[in-house]
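One letter stands for each residue in the lines below.
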Number of protein chains: 4
Amino acid sequence: MLNRVVLVGRLTKDPDLRYTASGVAVANFTIAVNRPFSNQQGEREADFINCVIWRKPAENLANYMGKGSLVGVDGRIQTRSYDNQEGKRVYITEVVADSVQFLESRNSKGGQPQGGGQGSGGYQDNQYQNQQQAPNNNQYSQPTGSPNDNMEPIDISDDDLPF
Amino acid sequence: MLNRVVLVGRLTKDPDLRYTASGVAVANFTIAVNRPFSNQQGEREADFINCVIWRKPAENLANYMGKGSLVGVDGRIQTRSYDNQEGKRVYITEVVADSVQFLESRNSKGGQPQGGGQGSGGYQDNQYQNQQQAPNNNQYSQPTGSPNDNMEPIDISDDDLPF
Amino acid sequence: MLNRVVLVGRLTKDPDLRYTASGVAVANFTIAVNRPFSNQQGEREADFINCVIWRKPAENLANYMGKGSLVGVDGRIQTRSYDNQEGKRVYITEVVADSVQFLESRNSKGGQPQGGGQGSGGYQDNQYQNQQQAPNNNQYSQPTGSPNDNMEPIDISDDDLPF
Amino acid sequence: MLNRVVLVGRLTKDPDLRYTASGVAVANFTIAVNRPFSNQQGEREADFINCVIWRKPAENLANYMGKGSLVGVDGRIQTRSYDNQEGKRVYITEVVADSVQFLESRNSKGGQPQGGGQGSGGYQDNQYQNQQQAPNNNQYSQPTGSPNDNMEPIDISDDDLPF
DNA sequence: TTTT
DNA sequence: TTTT
């Protein structure tokens, strides 16, 4: 049955990247999507939407985007439930992203602070596409070093390129 | 910012229609959307997605659709929170429907039971469109009588026609 | 970049199934999507949207759906152009379907005419999912025989099952 | 019936703003949406999607966005036809935008060229929302003056504010 | 060239 | 707390 979600918004914090026991990468993140209308107090509110993304795109998101980054999300709504520590059933509604598009980097994540005089915020047509391939059980090698906040072309082998 | 959701699924129960203190109709409903893939046990799971719709379309939904009805939803994701009786903050993610499309009636809601030999389940191009008009404070008159499960053309004045 | 389309409408005619030189199945079809509003003459118009689907789902669509069938489409807009016989460039805008959902069979395609007293139009959760796998170059075997208009469960081997 | 399109892409040229005989503003524009995959030559292609937007949002788009601007579009697919000068029927498929979101200004349209050392390309949560109100037959007052390419807050009366 |  |  049809289940399709498209969002454009900003990361409320850095993505939270983890690995399953079998080594599959998964990142949780929340995006703030401002509403197109004002409330009765005349204020613009936002919706804070929890999202998940799996595998390579999860690592890419965690490595290149951070708090404040503007992203586009294409995915579906998923619901699940679990029993919390008080034995109460908790119901979760979240968006499982098939792909995340980088619209604008905003964070600096420990490196050269963005902004200043260098003409920041350019857009590259970068997109995480979830290949939905079978989970591979290797440990992923974590990219380190300069986060390349300005999103200029970077010189790495195709294999490592997230986009 | 962009926030768009499209769903096709079945009502898990009859819509829950209420009125605000100022007389605005609002209906809550949950739709089950079957996933397009099987889990590791080979079973097809579903997502149970909570939705809200306001005003006239809320009444139409409540009057014409019921548990098991197949509907299409066009809307956006909304998040909100409240403090429960234990003083704990509870976060809600739901879909606010702009319009609901009737794809197939399935329930009988007190009237002539659907099904049998009469060729049921016909589709009419019926759609609730949320006009987003200012709330009107009148009490809505509740349609009663024949639920018209077979969704044949019905003969009522234009003013009452939900589609 | 984001490009997402979701449609629900009826096939204006039987899907047109063909095979590329290398044996890849592709089906073209048009769906009529009724507009949610009336024009100035008070008439409801429709949009006639050309769609394409590839591989297995193309064959499934051609084998199980026909003129008048209600379907849901999840896909993206694609544009292309070609030079016609007069040497004039022609621009095409169409929807490439990732998946098509069967909402209601309507045609009979040579076999037992649908309808009559047998409770027609039931919905099964059937969906063509485009696996985006590499094209396979075999000739597909064309299913023949009973079109199963009522969409009841059918007893064929898993390999042939479209859903 | 359901008909929903969401796009993120760049304007291929400045929007083309016109007025109907009765004074209703309408803007035509094309956005280039890069495909998320490469073709067999390893090149990334794009789809060039024709769009229309009506009334106030049309004027806003024309006044604030130009060739190269990154926009998000939420709308529906519309088809229409007309007879060309050779008396041949021509079929058109385009997107009617309900709203356009400004993701990044790119053009300068006669004013201070964007870019340079000033940290350009910031995102504001600006969105044209088509109110679908009855056409008003006044001549719209055309905003003039500095196009504010950097999209900083601008100080004009609420009535003129497009977002 | 269009569906219910 | 879930639909076919």
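Residues numbered from 1 in each chain as written. Chains lettered and ligands numbered in written order. Predicted model: local features only at pLDDT ≥ 70, side-chain atom pairs only at ≥ 80, totals over all residues. Heavy atoms only, no water.

*Asks:* Would you mind showing me how to read the overall build of chain A here?
*Replies:* What chain A contains, in helices and strands, is one helix and seven strands. Each helix (α) and strand (β) of chain A, taken in turn from the N terminus, gives the series β-β-β-β-α-β-β-β. The 163 residues of chain A split such that 51% are buried. Sequence separation of at least 24 residues holds for 68% of the intrachain contacts in chain A that already meet a minimum separation of 6. Of the roughly 7900 Å² of accessible surface on chain A, 45% is carried by carbon and sulfur atoms. (Helix = DSSP H or I, 4+ residues; strand = E, 2+ residues; numbered from the N terminus. Buried < 20%, exposed > 50% of the residue type's maximum accessible area, 1.4 Å probe, protein only. Contact = heavy atoms within 4.5 Å. Areas by Shrake-Rupley, 256 points an atom, 1.4 Å probe, with all protein chains shown as cover.)

*Asks:* Just to check I follow, could you spell out the pairing of strand β4 (residues 44-54) of chain C for this structure?
*Replies:* In regular strands, side chains alternate between the two faces of the sheet. All names here are of chain C. Bridge analysis of strand β3 (residues 25-38) against β4 gives ten bridges, and the strand direction is antiparallel. Within β4, the residue paired with A32 across the bridge is F48. Taken together, β3 and the strand that follows it, β4, pair antiparallel across an intervening segment of five residues, in which G42 is found at a positive phi of about 80°. Of the pairings in the sheet, the one linking β4 to strand β6 (residues 89-104) comprises two bridges and is parallel in character. Paired with C51 across the two strands is V95, which belongs to β6. (Pairing = 2+ DSSP bridges.)

*Asks:* For this particular structure, what's the right way to read the environment of R76 of chain B?
*Replies:* Mapped onto the elements of the fold, R76 of chain B is located in strand β5 (residues 70-83). On a C-alpha basis, the gap between R76 of chain B and G42 of chain B in space is 31 Å, while along the polypeptide they are 34 residues apart. Beyond its immediate chain neighbours, meaning those up to four positions away, R76 of chain B contacts R35, F37 and D47 of chain A together with N3, V5, E94, V95 and V96 of chain B.

*Asks:* Where do I start with helix α1 (residues 55-64) of chain B in this structure?
*Replies:* Since one α-helical turn is 3.6 residues long, residues separated by three or four positions face the same way. Across the ten residues of α1 of chain B, nine count as buried, placing the element largely inside the fold. Of the residues making up α1 of chain B, those classed as buried are R55, P57, A58, E59, N60, L61, A62, N63 and Y64 of chain B.

*Asks:* I tried to follow the interface of chain C and chain D on my own but got confused; where do I start?
*Replies:* Accessible area lost on assembly of the parts is the figure often given for the size of an interface. Facing the 26 residues of chain C at the interface are 26 residues of chain D. In this structure, the connection of chain C to chain D is made through zero salt bridges. Between the two partners, chain C and chain D, sit twelve residue pairs in polar contact (both at pLDDT 80 or more). Put simply, the parts of the chain that give the side of chain C that touches chain D at least two residues each are β1 (3-11), β3, β4, β5 (70-83) and β6 of chain C. Here the side of chain C that touches chain D gets eight residues from one element, more than from any other, and that element is β1 of chain C. (Salt bridge = Lys/Arg side-chain N within 4 Å of Asp/Glu carboxyl O. Polar contact = N/O pair within 3.5 Å; in protein donor to acceptor, adjacent residues only side chain to side chain.)

*Asks:* Sorry, what's going on with the protein's contact with DNA strand E here?
*Replies:* The immediate surroundings of DNA strand E are formed by 13 residues, with R10, N34, F48 and R106 of chain C together with Y91 of chain D found nearest. Taken together, the sugar and phosphate atoms account for 47% of what DNA strand E places within 4 Å of the protein. With respect to DNA strand E, the side chain of R10 of chain C contributes an N or O atom lying 3.1 Å from a sugar or linking oxygen. Within the side chain of Y91 of chain D, an N or O atom sits 2.9 Å from a phosphate oxygen of DNA strand E. (Near = heavy atom within 4 Å.)

*Asks:* Looking at this structure, I do not really get the side chain of T93 of chain B. What am I missing?
*Replies:* Mapped onto the elements, T93 of chain B comes out in strand β6 (residues 89-104). Aside from chain neighbours lying at most four places away, what touches T93 of chain B is T93 of chain A together with I77, Q78 and T79 of chain B.

*Asks:* Hey, could you run me through the relation of the copies chain C and chain D in this one?
*Replies:* Mapping chain C onto chain D calls for a rotation angle of 180° and an axial translation of 0.0 Å; the resulting RMSD is 0.0 Å. Overall, the copies show the geometry of a two-fold rotation axis. Residue V5 of chain C of chain C places its C-alpha closer to the rotation axis than any other residue of that unit, at 2.3 Å. By residue overlap, the copies meet face to face through one surface: 100% of the interface positions of chain C are interface positions in chain D. (Least-squares fit on C-alpha atoms with pLDDT ≥ 70 in both.)

*Asks:* Looking at this structure, I do not really get empty space enclosed by the protein. What am I missing?
*Replies:* A water-sized probe rolled over the atoms picks out the places where empty space is left. Applying the stated rule across the entire model yields three cavities of 30 Å³ or more. Each pocket or cavity is described by its volume, and for the largest cavity that value is around 50 Å³. Every element with two or more residues in the lining of the largest cavity is listed here: β1 (3-11) of chain A, β1 (3-11) of chain B, β1 of chain C together with β1 (3-11) of chain D. Taken together, the residues of the lining of the largest cavity break down into six nonpolar, no polar and four charged. (1 Å grid on protein atoms, 1.4 Å probe; cavity = no way out; pocket = protein on both sides within 12 Å on 5 of 7 lines; lining within 4 Å. Points joined across faces, edges and corners; volume = space filled by probe spheres on them. Nonpolar A, V, L, I, M, F, W, Y, C, P; charged D, E, K, R; others polar.)

*Asks:* Hey, could you run me through the protein's contact with DNA strand F in this one?
*Replies:* Around DNA strand F there are 13 residues in total, and Y91 of chain A together with R10, N34, F48 and R106 of chain B lie nearest to it. Sugar plus phosphate: this is where 47% of the atoms of DNA strand F within 4 Å of the protein reside. Here Y91 of chain A contributes a side-chain N or O atom positioned 3.0 Å from a phosphate oxygen of DNA strand F. Contact between DNA strand F and N34 of chain B: a base nitrogen at 3.0 Å from a side-chain N or O atom of the residue. If you list the elements that add at least two residues to the surface near DNA strand F, you get β6 (89-104) of chain A together with β1, β3 (25-38) and β4 (44-54) of chain B. Sort the elements by how many residues they give to the surface near DNA strand F and β3 of chain B lands first, with three residues. Tallied by class, the residues present in the surface near DNA strand F amount to five nonpolar, four polar and four charged.

*Asks:* How do you make sense of the environment of N34 of chain A when you look at a structure like this?
*Replies:* Among the structural elements, N34 of chain A can be located in strand β3 (residues 25-38). Considering only alpha carbons, one finds N34 of chain A and V95 of chain A, 61 residues apart in sequence, at a separation of 17 Å.

*Asks:* Sorry if this is basic, but what is going on with unusual backbone geometry here?
*Replies:* Note: most peptide bonds trans; most residues except glycine with negative phi. All names here are of chain B. Positive phi, close to 60°, is recorded for R55, a residue that is not glycine. Turning to its location among the elements, R55 is positioned in helix α1. Given the relative accessible area of 12%, R55 is considered buried.

*Asks:* Looking at this structure, how should I read the pattern of salt bridges?
*Replies:* Oppositely charged side chains can form a pair if their charged atoms are brought close together. Going through the model one piece at a time under the given rule, you end up with 36 salt bridges over all chains. With its nearest N and O atoms 3.6 Å apart, the salt bridge here joins R89 of chain A to D83 of chain A. We classify R89 of chain A as partly exposed; its relative accessible area is 41%. Across the salt bridge formed by R4 of chain D and D98 of chain D, the nearest N and O atoms sit 3.1 Å from each other. Of the two residues, R4 of chain D is situated in strand β1 and D98 of chain D in strand β6 (residues 89-104); the sequence distance between them amounts to 94 residues.

*Asks:* I tried to follow the environment of V96 of chain A on my own but got confused; where do I start?
*Replies:* All names here are of chain A. Relative to the elements of secondary structure, V96 occurs in strand β6. C-alpha of V96 to C-alpha of T79: the two residues are 17 residues apart in sequence and 9.7 Å apart in space. What V96 contacts, discounting residues up to four positions off in sequence, is V52, G75, R76 and Q78.

*Asks:* What exactly am I supposed to notice about the pairing of β6 of chain B here?
*Replies:* As paired elements, β5 of chain B and β6 of chain B share 14 bridges and run antiparallel to each other. Across the sheet, residue T79 of chain B finds its bridge partner in β6 of chain B, namely T93 of chain B.

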